[in-house]
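Given next are the chains, with one letter for each unit.
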Amino acid sequence: MKMIVTALTMAMVLLVLTGCTSGNTVGKEAASFDEMTTAIKEQIAVDLKDDGVKEEVLVDGKLTYYMETDLTGTEESDPAIAIWIEKTGLNKEEIVNGKVIAAMMNVNADEIILLEAKDEKDVASLKESLEKELEGQIQTWKQYLPDQYEKVEKNIIKTNGKYLLYVTYSKPENIEKVFDNSFKK
């Protein structure tokens, strides 16, 4: 009888430990904002190489065909911040981190925006800002360049916890996958 009680106790301990272990892997923290941004830029570099770009496109953490704007910076240090804030209607007070990676050329609709909200209650209004940007892109590209408008039609706006992603890009599913994988730590 003592052996049965001991065996049952051991089985219960193992079940509890297994339950705790699997619970911890499901609720892991997301990658950091900087890690997400880096992974997105690395994916863009891979996609450009796959599309036949020969030269190095990611040099010292910077993409050669794209501009990067830190939305949490000061408008004196980067005038593009004011432009993006106005275009999107974004409330800077609602974000901890925000990056825009956009094509340098006005003939390319590529825009990737990654935001980290200060609080989950701010996610809805930040998403509205991203939807406003999408409407702006639709109006611009629908009449301007049909091939770029096709990118806009495939736009992805996605949230996960306090993080938001906006993707107008030739292969939006690649960037979405990077975003999704950031939460599978």
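Cut-offs applied
- Residues numbered from 1 in each chain as written.
- Predicted model: local features only at pLDDT ≥ 70, side-chain atom pairs only at ≥ 80, totals over all residues.
- Heavy atoms only, no water.
- Helix = DSSP H or I, 4+ residues; strand = E, 2+ residues; numbered from the N terminus.
- Buried < 20%, exposed > 50% of the residue type's maximum accessible area, 1.4 Å probe, protein only.
- Contact = heavy atoms within 4.5 Å.
- pLDDT = per-residue confidence, 0-100.
- Phe/Tyr/Trp six-rings, centres within 6.5 Å; stacked < 30°, edge-to-face > 60°.

### Section: unusual backbone geometry
- Of note in the backbone geometry, D60 takes a positive phi value of approximately 50 degrees without being a glycine.
- Locating D60 in the fold gives a position in the loop between β1 (58-59) and β2 (62-63).
- Accessibility expressed as a relative area gives 75% for D60, which makes it exposed.

### Things to note about the environment of I95
- Looking at the secondary structure, you find I95 in strand β4 (residues 95-103).
- Along the chain, I95 and K118 lie 23 residues apart, while their C-alpha atoms are 5.0 Å from each other.
- In contact with I95, other than residues within four places in its own chain, are L71, T72, L90, L115, E116, A117, K118 and L126.

### Concerning the confidence of the model for the protein chain
- On average, residues of the protein chain score 86 in pLDDT, and 84% of them are at 70 or above.
- Overall, residues 1-27 carries pLDDT values under 50, and its contacts beyond four positions in sequence, including any with other chains, amount to one contact.

### Digging into the packing of aromatic side chains
- A complete count under the given rule lists three aromatic pairs for this structure.
- Taken together, a centroid distance of 5.3 Å and an interplanar angle of 45 degrees make the contact between W141 and Y144 tilted. With a gap of three residues between them, W141 and Y144 both fall in helix α4 (residues 123-144), about one helical turn apart.
- Given a relative accessible area of 43%, Y144 falls into the partly exposed group.
- Aromatic pair F179 and F183: ring centres 5.1 Å apart, planes at 75 degrees, arrangement edge-to-face. Just as F179 is buried, F183 falls in that class too.
- An aromatic cluster of at least three residues, connected via ring pairs, comprises Y163, F179 and F183.

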